[in-house]
Amino acid sequence: MPPEQTLQIFETHRPRLKSLAYRMTGSLADSEDIVQEAWVRWSRSDHAAVSDAGRWLTTITARQCLDYLHSARVRRERYVGAWLPDPLITQRAPDAEGMLSEAQDVRIALLLTLQTLAPPMRAAFLLREAFDFTYAEIADVTGGTDAAARQLVSRARKLMAGAEPVASPNFAEDERLVRAFWEASRTGDMEALLALFAEDIEIHTDGGGKVPAAINILHGARRAASLFVGLARKSDHLAKPCPALVRINGTPGFISVEAGGVLQTTAIATRAQRIAAVWIVRNPDKLAHIAAAAPSLTQGQTPEDKPMHRHSFKHDGLIFSYLDEEGPGLPVVALHGHWMNALDFEGLAAALAPKWRVIALDQRSFGETDASRDHQIDAYVSDVAAMLDHIGITSAVPVIGHSFGGVVAYHMAARMPERVSRMVIVDIGTSLDEDGEFTRAWAGVFPLREKLEERIGTRLSPYLQNSIHRVEDGWRLNFEIEEYLLSVEVLNGNHNQTWVSSHCPALVIKGADSLLSDRKDLKAMALERPETSYIEIAGGHSVHIDAPDAFAATVEEFLGRET
């Protein structure tokens with residue numbers, strides 16, 4: 001089967017696979033990983049032996065979910081406080097009823113009840129009810145006999161009966177209740193809250209132990225009202241108007257920034273013109289996709305306030321773009337990874353100023369720099385040197401390189417030791433075997449930004465926000481997929497000899513949760529050369545985005561050894 005047809009078939013089924021994985025796990029990021037693994041298996045399978053691609057992919061995804069849930073069980077048992085699924089946000093639309101019907105199977109109450117089922121029972125129930133699998137097909141996923149699969153489904157149906165209350169069909173009534181709740185909860189109006197709440201209301205707050213949140217689920221109108229009255233007394237956010245109404249897993253609610261800059265989602269279940277449940281997610285790990293997709297909530301800077309300024313220069317027949325903090329501090333170069341660009345270092349620049357002046361290059365074919373067919377490592381190294389020459393920096397400077405930017409950094413340190421005083425290598429090793437074929441699905445122009453983000457996926461799209469831009473007829477990435485794939489093809493291979501031939505002090509940083517780097521390999525890499533340290537920071541591959549404060553503090557401490 002041609003690669004284009006293989007991808008097209010998979011993309012046809014991707015939404016349903018993601019829906020299954022999300023309902024099984026409650027995690028958008030983990031669902032994306034599971035579906036990505038399904039793609040890997042599909043791309044390597046014998047397609048001629050597959051009679052029904054949809055059922056084959058669903059079976060593989062369900063099995064992957066069960067494997068994930070087995071490994072995740074201990075983590076869930078250790079979860080601090082109430083657990084809620086990652087929130088799915090849908091903006092208000094004229095066709096509110098159609099929008100709601102699309103979200104019926106991911107409503108929070110349903111997901112919470114699903115999570116009480118043992119994973120095999122959960123899988124059996126979803127495969128039967130949502131995918132119309134036969135009991136024999138279910139048994140192929142869960143193990144056991146057809147009769148055992150039938151029993152799993154029967155028991156699940158009994159446990160799920162009545163789990164989901166009837167949703168409010170009136171968007172205007174939802175909005176009235178949400179706005180009334182906002183006003184009463186912000187002003188601490190006990191009587192108004194009691195009038196809004198059903199007697200058996202439940203309040204769930206998920207902070208994951210990372211931000212302040214109620215540990216236990218609160219039951220009853222008076223206890224719930226007392227919670228919000230107490231919070232109002234401590235709050236200085238009373239003057240803020242109610243945020244725009246959104247749908248969170250098909251349920252009315254809003255996104256807000258609370259005291260201390262904490263982002264949260266609040267979803268409100270209504271019943272008989274009363275509020276029956278309030279679900280609040282504050283755990284930042286579950287809100288990364290929202291923070292990235294709602295910059296108006298989290299990025300209050302005007303262009304004049306931003307820490308970096310845009311410049312350009314000509315080199316090798318191309319126009320290059322870079323950002324410069326331009327402060328009085330010592331210069332340090334920052335090099336981004338594939339798919340990303342210089343804007344991803346604005347936070348680091350603000351954190352390191354005024355002692356350090358971060359200069360971040362849009363590497364060839366990425367960001368605002370021209371595309372190029374030359375992706376040899378020597379070309380990338382010469383680009384950095386040309387930028388420094390353009391600025392007038394001739395002395396050695398520290399270089400920070402994330403992902404393939406790290407490869408450029410240690411190649412530059414080996415080839416031009418007089419220009420690199422020390423380096424920070426972020427979540428990349430010396431043996432590269434990147435497979436970027438799945439990104440072909442990202443190519444082209446999409447009518448809505450959300451459609452492009454959906455195609456990229458919930459795990460990756462938060463990291464590519466600075467790489468999505470508006471064009472005349474829609475939204476697209478600001479780099480060519482073919483150029484990226486060419487870069488991957490050229491750079492894949494073993495770079496260990498170059499690494500050990502560089503001699504400046506180095507710090508190797510691994511994202512503790514990164515799936516793209518191997519802990520053992522990076523530790524060994526640090527041991528292979530003198531004056532090299534290794535550290536892990538909680539976060540994924542783009543740890544400088546996941547944990548900006550910890551990353552900046554670690555980098556600042558390492559750079560400080562130079563001075």
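Note that this is a predicted model, so its numbers are computed, not measured.

Cut-off values and rules
- Residues numbered from 1 in each chain as written.
- Predicted model: local features only at pLDDT ≥ 70, side-chain atom pairs only at ≥ 80, totals over all residues.
- Heavy atoms only, no water.
- Helix = DSSP H or I, 4+ residues; strand = E, 2+ residues; numbered from the N terminus.
- Rg over C-alpha atoms; globule rule 2.2 N^0.38 Å.
- Buried < 20%, exposed > 50% of the residue type's maximum accessible area, 1.4 Å probe, protein only.
- Contact = heavy atoms within 4.5 Å.
- Areas by Shrake-Rupley, 256 points an atom, 1.4 Å probe, with all protein chains shown as cover.
- Lys, Arg positive; Asp, Glu negative; His and termini not counted.
- Charge placed at Lys NZ, Arg CZ, Asp CG, Glu CD.
- Pairing = 2+ DSSP bridges.
- Axes fitted to C-alpha atoms, helices over the stretch in contact; angles between N-to-C directions.
- Left-handed = near helix turned anticlockwise from the far one by under 90°.
- Nonpolar A, V, L, I, M, F, W, Y, C, P; charged D, E, K, R; others polar.
- Phe/Tyr/Trp six-rings, centres within 6.5 Å; stacked < 30°, edge-to-face > 60°.
- Salt bridge = Lys/Arg side-chain N within 4 Å of Asp/Glu carboxyl O.
- Expected span 1.5 Å × (residues − 1).
- Arc of directions from axis to C-beta.

Draft legend 1. Main features of the overall build of the chain. Each helix and strand counted, the chain has 22 helices and 19 strands in total. Computed over its C-alpha atoms, the radius of gyration of the chain comes to 26 Å, within 12% of the 24 Å expected for a compact globule of 563 residues. Principal axes of the C-alpha set define a box for the chain whose edges measure 70 × 65 × 45 Å. For the chain, buried positions account for 54% of its 563 residues. Of the contacts formed within the chain by residues at least 6 apart in sequence, a portion of 71% connects residues at least 24 apart. On the chain, roughly 25,000 Å² of surface is accessible, and the fraction owed to carbon and sulfur atoms is 52%. In the chain, 57 positive and 75 negative side-chain charges are present, and the distance between their average locations comes to 7 Å.

Draft legend 2. View of the pairing of strand β2 (residues 197-206). With respect to burial, β2 is a largely interior element, 7 of its 10 residues being buried. Note that β2 and strand β7 (residues 274-281) share 6 bridges and pair parallel. Bridging from a neighbouring strand, aspartate 206 pairs with valine 281 of β7. The pairing of β2 with strand β3 (residues 218-219) spans 2 bridges and is antiparallel. Bridge pairing links glutamate 202 to histidine 219 in β3.

Draft legend 3. Main features of the packing of helix α1 (residues 3-25) against helix α6 (residues 119-129). Viewed as axis vectors pointing N to C, α1 and α6 meet at an angle of 145°, and their least axial separation amounts to 10 Å. Our pair here, α1 against α6, has a crossing hand that is right-handed. For the pair α1 and α6, the contacting residues are Leu20, Arg23 and Met24 in the first and Pro119, Arg122, Ala123, Leu126 and Leu127 in the second. Tallied by class, residues from the contact of α1 with α6 come to 6 nonpolar, no polar and 2 charged.

Draft legend 4. Fine view of the packing of aromatic side chains. Under the defined criterion, the tally for this structure stands at 16 aromatic pairs. When the centroid spacing of 5.1 Å and the interplanar angle of 90° are considered together, the rings of phenylalanine 181 and phenylalanine 228 count as edge-to-face. Placement of the pair is phenylalanine 181 in helix α9 (residues 171-187) and phenylalanine 228 in helix α11 (residues 221-234), with a sequence separation of 47 residues. Just as phenylalanine 181 is buried, phenylalanine 228 falls in that class too.

Draft legend 5. A look at the pattern of salt bridges. A complete count under the given rule lists 29 salt bridges for this structure. Linking glutamate 137 and arginine 55 is a salt bridge whose minimum nitrogen-to-oxygen distance equals 2.8 Å. Here glutamate 137 is found in helix α7 (residues 135-142), whereas its partner arginine 55 is found in helix α3 (residues 53-77), with 82 residues between them in sequence. A salt bridge links lysine 286 to aspartate 206; the shortest N-O distance between them is 2.6 Å. In this pair, lysine 286 is assigned in the loop between β7 and α12 (288-293) and aspartate 206 in strand β2, connecting sequence segments 80 residues apart.

Draft legend 6. Up close: the environment of proline 3. Relative to the helices and strands, proline 3 resides in helix α1. For proline 3, a relative accessible area of 60% gives the class exposed. A sequence separation of 434 residues divides proline 3 from glutamate 437, and the C-alpha atoms of the two residues are 9.3 Å apart.

Draft legend 7. Main features of helix α8 (residues 146-160). The first and last C-alpha atoms of α8 sit 21 Å apart over 15 residues, in line with the 21 Å expected at 1.5 Å per residue. Taken residue by residue, α8 has Ala149, Leu152, Val153, Ala156 and Met160 as its buried positions. Projected down its long axis, α8 shows its buried positions confined to an angular sector of 95°, all on one face. Exposed residues on α8 whose side chains face more than 90 degrees from its buried face are Ala147 and Lys158.

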